[in-house]
Each structure stands twice: as structure tokens, then as C-alpha cells.
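For reference, the chains in residue letters:
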Amino acid sequence: MSENIIAIVGRPNVGKSTLFNRLTSARTAIEEKMPGVTRDRLYGLFDWRGRNMVVIDTGGITFGGDDQITTQVQKQVNLAVEEAQIIIFLLDGREGLTALDEEIAEMLRRSGKTVIPVINKLDTLAREDERYGFFGLGFNEPLAVSAAHGRGIGDLLDLIFDNLPPGAEEGRPDPEGLVKIAVIGRPNVGKSSLINSLLGKERVVVSREPGTTREAVDTYLSYNDQPCLIIDTAGIRRKSKVKDAVEYYSVLRSLKAVQRADVALLILDGESGITEQDQKLAGYVVETGKGLILVVNKWDLFKGDENSRLSILNELKRKFSFASYAPHIFVSALSGWRLDRLFPLVMQTWQEQHKRISTALLNELLEDALTVNPPPPVKGKRVRIYYAPQPEVKPPRFVFFANEPELIHFSYRRYLENRIREAFSFAGTPIEVKFKRRERRGE
């Protein structure tokens, strides 16, 4: 699958974050915000016409400043432009074209990327003519939108879709039943060392310097006659950018790899502990419906230390409570300790993603769940749940048909999800529980 990355670029206060929020709230695959996922609105996911896309919210470009914050913002913008297939060049229709806009336009022209000029804050059709002042930027006809009110967003999404590269698979075709495994995590947690230990050879460069993997490295292999693809995701293309932008770039490359993968191995540093970025990466895996395994690396430093093991177990439980189904494993990439248990765990997670429960068996569970804990009445209305099939896998999706689906509280959805997991496990994979109205006959 091609990686579909869209960067929103512009000067300060033109509404980049408002547009970002508008695009990500329009996604159809995600209906729930996971704890710890969206605190730093730097990147997000949305879906349009069957294509999954990553959108990047960059800082406002000012040029010329030599302070640390300005320099950091500019570097992050450069990285976003470098990675993106499409650039949304956001402009302010109320203030009109500025000299800074023209400087940014020149930078974007040099990038060689597809640029969509978008004029924000044009809230009504009467203000549409104000966009003509931006035609001199040298791009295609600018699109008028109001990110705050949603005006023109559908047209923008169609324009993004029409300019995306083809969605065909890149490189060689996937073998039948290929298990795609993304190795993700913060810089210097041991991703490349782990892959080298698994493969028994120096397939990727290992170094103590963060960011030494310049490109994502794909490795095909077979495990018990099962074809697999391992995607190493560490990556900084240019050493000059390592110092200030390692974390940002690492996240971006991880997002791209997760999109391609079936199962993500989130590598955690047993020495430095779990960070907020670890939580965000796990949250992204959950949002995209991929399998997740938590791999605590560098555990050779603590072997035999039961207090440390219990401490990290408690930390895992607390900080990844939104993905409590994800199995964990303690390993040492350096010595190879317990790495032989990793592939069986991956295969189990992959199989759980493809597990399908018969409607008859699922409805036996539903009947029992309703008997033990029926949904409470809401405003005098009795909620009835009639039956539930499982129409999809990867991730497993369950649809419960009810008379008043909109009255079913989130906590009851969680109750049914827990009952499903108690009965059928689905270890390592998120599951989706949805409610739909059962139409009466004749309607």
C-alpha cells in the first residue's frame, strides 16, 4: 500500500490546527479517542473514499528567526514536506496575500511536491471572490474553505484523493498469506539490534547514535513455512537533522510502517522505562486496527531482579490500559534472550486477527450476557439487543442490532467487548463493537 501522507503548511494563525481537527474528525474508521493518544495533535489519521491517510499539523513558518523554537519548527516543516505526497498550503482569506505567504510558496515550489493552495476563513459564498488575490502564487486554482465551519471540506478531500499516487502495492507482490510485521519504537530502543538477532545477520545498521537507519528496511523471511515481512522503521535520512528532530521523524516513519503492517512490535526500553511517545505509538496501532505486541528490550540488565520486573509490569498495565489485550514479552536483543518466543506470539496475534465466530455461538454469548447484565432503560425507554453477527476480520468487527442503538452507553459496549474477549480471547488485536438499528418488517 502506498503511504498517503498529507502535510498542512502555512504561516502562523491561518487555521492549520483547525483544519487538522476538521480532517481527523471526518474519519470513518475511528469513532473513539483512546486515552493518551491525542494530547499532542501533531499527526492524525482519516479515511476518504477507501484510502487511509496520515495528516501532519506543522507549526507556523516565520523564516528569519534564530531562536530555538523557530529553528525547530522550520526543521519539522522541512521533514513533513520531504515525507508528504501532498502539501496543503493554507492561506488566510481574511488577511489576504502576504510577503511571508509568497516566501513559503517559493519554498514549496522548490520541493517538487504536489501543492494544493487552500484559502481558509472564507465562511460564506459572498466572500468567494477574495480568493482571486492568491492566483499569483503559481499553483493551481486555490480552493476556498472554512475549516471552522466545515465549508468546502468535502471538495478538499476529493481534491486530495484525486492527487494521491496509485494505491497499488509497491515493490514485489506479496506472497500468499504474508504476515507483515512492523518494528516500531523510539530511537535507540534496540529495533535494529532486535531484527539482526532474529535474522542472525547484520541486515540493518546498528549504532548507539539515534537515527542511523536511513530508510525503512524490508526483510522477507519464512517462519515454519509461513512467509513474513519485517519492516524496520527507525530512520533519519540526513544526519544534520538528527539532533533536533529524531523523535518527530521516528513517529512519522512508524506511522507509515504501521499502515503497511498486520502486527506491530512496539519496542520499549526496559532501562529508561515507558514514555508518553510509547503510549502515542501504541494508541496509533489501536486506532488503525492492527495487532499489537509490547516488547520490553534490554531486559538482560535486570534478569533475576523480581522487583524491577514487577515494577515494569505495573507500569505496562497502567500506561497501556487502553490496549490491555496486547501481550507483552521481556527480551534482550543484544544476547538473544527469549527472542525464540517472539515469532510464535506474532503468529498467534495474526491468527487472532483472522478469527471469525459463528453467529450461533456469538448469540449464545449475547443471550448469557443480557441475562447477567441487561442494558439499563434510558428515559423510560427499554433497550433491546436482538442478535449479533461478525461481518469482518482484521480487525474483528461485531455488529449488535438493537431497537434503540443510540441509547446504549459506552460502558455497556465495553461490557460486551469484555465478554467477547473472555469467551474468545482475541489476544493482541483490537476488536470493534458497533450497534445498529434493527428495522421493522415492512419499513
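For the structure itself, look to the data block above.
Model, not experiment: these values are computed from the prediction.

Parameters and conventions
- Residues numbered from 1 in each chain as written.
- Predicted model: local features only at pLDDT ≥ 70, side-chain atom pairs only at ≥ 80, totals over all residues.
- Heavy atoms only, no water.
- Helix = DSSP H or I, 4+ residues; strand = E, 2+ residues; numbered from the N terminus.
- Contact = heavy atoms within 4.5 Å.
- Areas by Shrake-Rupley, 256 points an atom, 1.4 Å probe, with all protein chains shown as cover.
- Polar contact = N/O pair within 3.5 Å; in protein donor to acceptor, adjacent residues only side chain to side chain.
- Salt bridge = Lys/Arg side-chain N within 4 Å of Asp/Glu carboxyl O.
- Buried < 20%, exposed > 50% of the residue type's maximum accessible area, 1.4 Å probe, protein only.
- Phe/Tyr/Trp six-rings, centres within 6.5 Å; stacked < 30°, edge-to-face > 60°.
- Lys NZ or Arg CZ within 6 Å of the ring centre and 35° of its normal.

**Student:** Sorry, what's going on with the overall build of the protein here?
**Tutor:** Scanning the protein for helices and strands turns up 11 helices and 15 strands. A separation threshold of at least 6 residues defines the contact pool for the protein, and within that pool the share at least 24 residues apart is 73%. A total accessible area of about 20500 Å² is found for the protein, and carbon and sulfur atoms account for 48% of it.

**Student:** Explanation requested: the side chain of D278 in the structure shown.
**Tutor:** Mapped onto the elements of the fold, D278 is located in helix α7 (residues 276-287). Among the polar contacts listed, one links the side chain of D278 to the backbone nitrogen of T275, at a separation of 2.9 Å. Those residues within four positions of D278 in sequence are excluded, and the remaining contacts are R186, L266, L268, G273 and F320.

**Student:** Explain the pattern of salt bridges here, please?
**Tutor:** Two side chains with opposite charge may pair up if their charged atoms get near one another. Counted according to the given criterion, the structure contains 22 salt bridges. Two residues, D278 and R186, come together in a salt bridge whose shortest N-O distance is 3.1 Å. Taken together, the residues D278 in helix α7 and R186 in the loop between β7 (179-184) and α5 (191-199) connect sequence positions 92 residues apart. The exposure classification of D278 matches that of R186, with both residues buried. E406 is the salt-bridge partner of R437, the closest N and O atoms lying 2.9 Å from each other. Note that R437 is positioned in strand β15 (residues 432-437) and E406 in the loop between β14 (397-402) and α11 (410-424), a separation of 31 residues in sequence.

**Student:** I would appreciate a short explanation of the packing of aromatic side chains in the present structure.
**Tutor:** Where two aromatic rings form a pair, the distance of their centres and the angle of their planes describe that pair. Inspection of the entire model under this criterion finds 8 aromatic pairs. The interplanar angle of 15° and the centroid separation of 4.8 Å between the aromatic rings of Y387 and F401 together place this pair among those described as stacked. Taken together, the residues Y387 in strand β13 (residues 385-387) and F401 in strand β14 connect sequence positions 14 residues apart. Both rings, one in F398 and one in F426, keep their centres 5.7 Å apart while their planes meet at 80°; by these two values the pair is edge-to-face. Residue F398 is located in strand β14, and its partner F426 is located in the loop between α11 and β15; the two are separated by 28 residues in the primary sequence. Note on accessibility: F398 and F426 belong to one class, buried. Directly above the aromatic system of F426 lies the positively charged group of K355, at a separation of 5.1 Å from the ring centroid.

The quantities given are spatial measurements derived from coordinates; they are silent on function.
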